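# Notes for the structure review
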Amino acid sequence: MLNLYFGNLQLNRCIWICYGLIISTLFRFVQCIFLIFFFLSKVAKIDGKISVDIALKKKNVYNPVEVMNMSKEVKTNAMRMLDKHHIRYDMIQYECDEFIDGLHTAEKTGAPVEQSFKTLVAQGKSKQYYVFVVPIAEEVQLKQAAKVAGEKSVELIPVKEITKITGYVRGGCSPLGMKKQFPTVIHESAEAYPEIYVSGGRIGTSIKVEPQALAKVARAKFDDIIRKAE
């Protein structure tokens, strides 16, 4: 009987050892699976980053993060208006914490200067406000702009009034999504390009959009409103 007892004891011990080995093996297997998935996720992230970097280099873009209109970024009024009218656009972000002029913005984003436009706001003799969208390297011709607007004269509003009138800040003023819909004129040179660049409605953000689509949403017309070179 004593031999039988010790035999059973040894058998039970062997069984528990086998259970321990099985559990240990399963645990290590799960660890391996987890490490494999972790490694693959890291590789995917690196591959995605490399793909983005290559794409940006091909577009000659200087250190921006270019995002399509499906971006998870918080959208501005300008973007919401384009979305509402089902207009396709590209949002381009660049590093900037304060106002810089249009030429420096184009340099940061890699956008062609001739296709980059700035948004100016003026007030007519009648006290009506007007929005003029002109190439960043040009200046609005106020007399011509007044004629196009049907005013005796127009004057650009003071910088300190921009936010109160438009809802945007200096350097982030878009022709779309202002507090009110003001009569808008886009310089006629924009019609020569398939796409133009304008402010996206905040500092550090530009929008690339078809000029005709922009004019449709802004209810704008095209005309000659820039100062002629002497």
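### Thoughts on the pairing of strand β6 (residues 184–187)
Residues T184 and I186 line one face of β6 and the alternating positions V185 and H187 line the opposite face, and both faces are buried. As judged from the 3 bridges shared by strand β4 (residues 129–135) and β6, these two strands associate in the parallel manner. Residue pairing for β6: V131 is matched across the bridge by T184. In this structure, β6 lies alongside strand β9 (residues 220–223), joined through 4 bridges in parallel fashion. Across the sheet, the residue bridging to T184 is A220, located in β9.

### A closer look at the packing of aromatic side chains
For the structure shown, the criterion picks out 2 aromatic pairs. Measuring from centroid to centroid gives 6.4 Å for Y130 and F132, while their planes differ by 15 degrees, and the two rings are stacked. Look at Y130 and you get buried, because its relative accessible area is 9%. Take F132: its relative accessible area is 0%, and that puts it in the buried class.

### Description of the confidence of the model for the protein
Looking at the protein as a whole, the pLDDT averages 80, with 72% of positions reaching at least 70. Least confident of the elements in the protein is strand β1 (residues 65–68), whose mean pLDDT is 42; most confident is β6, at 97. Taken together, the stretch residues 2–6 has pLDDT below 50 and engages in 0 contacts with residues farther than four places along the chain or on a different chain. Low pLDDT (under 50) marks residues 43–72, which in the prediction has 28 contacts with non-local residues, meaning those over four places away or in another chain.

Procedures and definitions
- Residues numbered from 1 in each chain as written.
- Predicted model: local features only at pLDDT ≥ 70, side-chain atom pairs only at ≥ 80, totals over all residues.
- Heavy atoms only, no water.
- Buried < 20%, exposed > 50% of the residue type's maximum accessible area, 1.4 Å probe, protein only.
- Helix = DSSP H or I, 4+ residues; strand = E, 2+ residues; numbered from the N terminus.
- Pairing = 2+ DSSP bridges.
- Phe/Tyr/Trp six-rings, centres within 6.5 Å; stacked < 30°, edge-to-face > 60°.
- pLDDT = per-residue confidence, 0-100.
- Contact = heavy atoms within 4.5 Å.

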